[in-house]
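Analysis of the macromolecular model
Residue strings, one per chain:
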Amino acid sequence: MPATVVVGTQWGDEGKGKFTDLVAAEMDVVVRYQGGHNAGHTLVVSGETFKIQLVPSGVLYEHITPVIGNGVVVDPRVLIAEMDGLEARGVDCSSMRLSGNAHLIMPYHTELDALHERHLGKAKLGTTKRGIGPAYADKSMRIGLRVQDLLDPPIFRAKLEAALSHTNKVLAKVFNRLPMNAEDIAREYLGGCAERLAPHVTDTVTLLHEALESGQQVLMEGAQGTFLDLDHGTYPFVTSSNPVVGGACTGTGVGPRHIDRVIGITKAYVTRVGSGPFVTELFDEVGDHLVEVGGEFGTNTGRRRRTGWFDMVMMRQAVRLNSITEVALTKLDVLDGLERLKVCVAYELDGERFEHMPYHQSVIHKAVPVYTELEGWSTDLSGVTRSSQLPAAAADYIAFLEEGIGVPIRLVGVGPGRSQYLDWQEAA
Ligand code: GDP
Ligand code: IMO
Ligand code: MG
């Protein structure tokens, strides 16, 4: 059976959690393929809110096997706390599977993340300070520890000593910090963490291939978004992994021939947390409207998100980078009450017009948006479940976006709840 990928098309927080949960109803396996607990996915089911960071968003269904793939970086303490929290609320996490090849976030990664940010001063990236960048850096430096090392204490200790022999010098000599103690870390990770996680540690590559071979539906859940991608995003204001669809292959061990559906999760406007260029950013009362009505505060860090108009240049690039086959448009209801809406259809700089993402980032930093204006609507969309119930202006907005994106928009979100959506293709 083919696999489906859910990918964020902007700078994260597009509503991937809600839509992964929605699409997961018809899936058997949901696998996270990159990132770590820098992700914050909010699901609202029967009025109950779940904030998820590491466990795949399909976890709320009993029939789903949630899998954390090899491309994810895992802080075992956070994963255990999240599983305990879910179980305390009646969500069974016993079927959760964790790749032995996933890398561990160690206590020094979290400390280094904060130190790097402080060191950068005004040039800081605005990371989530979860240790994500340093953990992926150690993976690339080949001094990382993996989940499977938790199951082999002598190997764990040897690798930890090797990593600390390097990292403690950095802590002391670059940042003037006290060195970390290997024994303290080993006690915490090999004690409680290893025992608790051991039943979940699995060869997830084999699990996923056996699932696909036996006709099961596999959903690959991206965290972050296309423009936070380490290779394709607005570098250096990016995360340290590959949220784009290619990351789904490397982060799970499932090749591209298995993927036949890529859902691009796209907010009806744009948000960004942290530093970096943002061509359509708003600094006026419309921006405030989007923050307040959209509840645009980080699920994870509580930071106010920056907001702006829909950006078709980004979207065209996201379609190319991810082979998107359908778009899920989220948070359309947040635009309720705005008299006029703008959509950025191109960028302009020094008389040159860019319909596609400029190759040189200096252009992106200086480009100004070229807008098309559309009518807004005053109707409350939060109870709309069919496209025939949409006010004409809302239907026109969706149709305008669909035409510009060049890929069908299918699900359209009109509220945070699991049932607050409509199928735009149903009317077509
Ligand atoms: P993710 O990181 O992509 O999963 O997105 P977040 O969960 O960080 O942020 C999206 C926020 O919007 C969450 O609070 C969701 O509950 C909420 N949300 C998702 N879809 C919709 C929608 O269609 N309308 C509204 N009003 N809220 C939504
Ligand atoms: P979800 O999955 C939005 C941003 C951070 C920062 C940059 C690098 O909820 O969409 P990192 O801690 O990853 O090194 O920070 O990436 N960032 C996110 N922004 N949503 C996310 O995840 C994010 N994960 C990281 O704000 O700008
Ligand atoms: Mg989020």
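Here goes a summary of the coordinates provided.

All right, on to the sheet that holds strand S7 (residues 97-99) then. What links the strands of a sheet is backbone hydrogen bonding, and the strands pair in either a parallel or an antiparallel sense. What the 10 strands build is an open sheet, ordered S9-S7-S5-S2-S10-S1-S11-S15-S19-S20; its pairing is mixed. Every other strand in the sheet has two partners, leaving strand S9 (201-202) and strand S20 (421-423) as the edge strands with one partner each. The pairing of strand S1 (residues 3-8) with strand S11 (residues 259-267) spans six bridges and is classified as parallel. Residue pairing in the sheet places Val5 in a bridge with Val262 of S11.

The protein atoms that coordinate the magnesium ion (ligand 3) are Asp13 (OD) and Gly40 (O), at distances spanning 2.0 to 2.2 Å. Here Asp13 is found in the loop between S1 and helix H1 (16-24), whereas its partner Gly40 is found in the loop between strand S2 (29-32) and strand S3 (41-45), with 27 residues between them in sequence. Taking the relative accessible area as the measure of exposure, Asp13 reaches 21% and is therefore partly exposed.

What follows is about the packing of aromatic side chains. Under the defined criterion, the tally for this structure stands at four aromatic pairs. With centroids separated by 6.3 Å and ring planes inclined at 35°, the aromatic side chains of Phe156 and Tyr189 adopt a geometry described as tilted. Residue Phe156 is found in helix H5 (residues 153-174), and its partner Tyr189 is found in helix H6 (residues 182-197); the two are separated by 33 residues along the sequence. No difference in accessibility class separates Phe156 from Tyr189, as the two residues are buried.

Attention now goes to the packing of helix H3 (residues 107-120) against helix H4 (residues 132-141). Relative placement of two packed helices is described by the angle separating their axes and the distance separating the axes. At a closest axis distance of 7 Å, the pairing of H3 and H4 adopts a crossing angle of 115°. The hand of the H3/H4 crossing is right-handed. Residue-level contacts link Tyr108, His109, Leu112, Asp113 and His116 of H3 to Ile132, Pro134, Ala135 and Asp138 of H4. Of the residues contributing to the contact of H3 with H4, the split by class is five nonpolar, two polar and two charged.

The rules behind the values
- Numbering of residues begins from 1 in every chain and follows the order in which that chain's sequence is written.
- Chains carry letters from A onward and ligands carry numbers from 1 onward, assigned in written order.
- Predicted model: local features are reported for residues with pLDDT of at least 70 only, side-chain atom pairs are reported and counted for 80 or more only, and whole-chain, interface and lining totals are derived from all residues.
- The side-chain values count all of the structure's non-hydrogen atoms but skip hydrogen atoms and water molecules.
- Each pair of strands is called paired provided DSSP finds at least two bridges between the two strands.
- Where helices and strands are cited, they refer to DSSP runs of H or I of at least four residues and of E of at least two residues respectively, numbered from the N terminus.
- Distances up to 2.8 Å from the metal define which N, O and S atoms are donors, and 3.2 Å serves for Na, K and Ca; water is absent from the atom set, so sites may look incomplete.
- Throughout, exposure labels follow a simple rule: accessible area from a 1.4 Å probe, protein chains only, divided by the maximum for the residue type, with under 20% read as buried, over 50% as exposed, and the rest as partly exposed.
- Pairs were defined over the aromatic rings of Phe, Tyr and Trp, the Trp ring being its six-membered one, requiring ring centres within 6.5 Å. Orientation was assigned from the angle between planes: stacked under 30 degrees, edge-to-face over 60, tilted for the rest.
- Interaxial angles span 0 to 180 degrees and are taken between N-to-C directions of axes, which are lines fitted to C-alpha atoms, for helices over the stretch in contact.
- Handedness of a crossing follows from how the near helix is turned relative to the far one, being left-handed for an anticlockwise turn of less than a right angle and right-handed for a clockwise one.
- We call two residues in contact when some of their heavy atoms are within 4.5 Å.
- Residue polarity is assigned by list, with Asp, Glu, Lys and Arg as charged and Ala, Val, Leu, Ile, Met, Phe, Trp, Tyr, Cys and Pro as nonpolar; anything else, Gly included, falls into the polar class.

Scope: geometric values only; no functional claims are made or implied.
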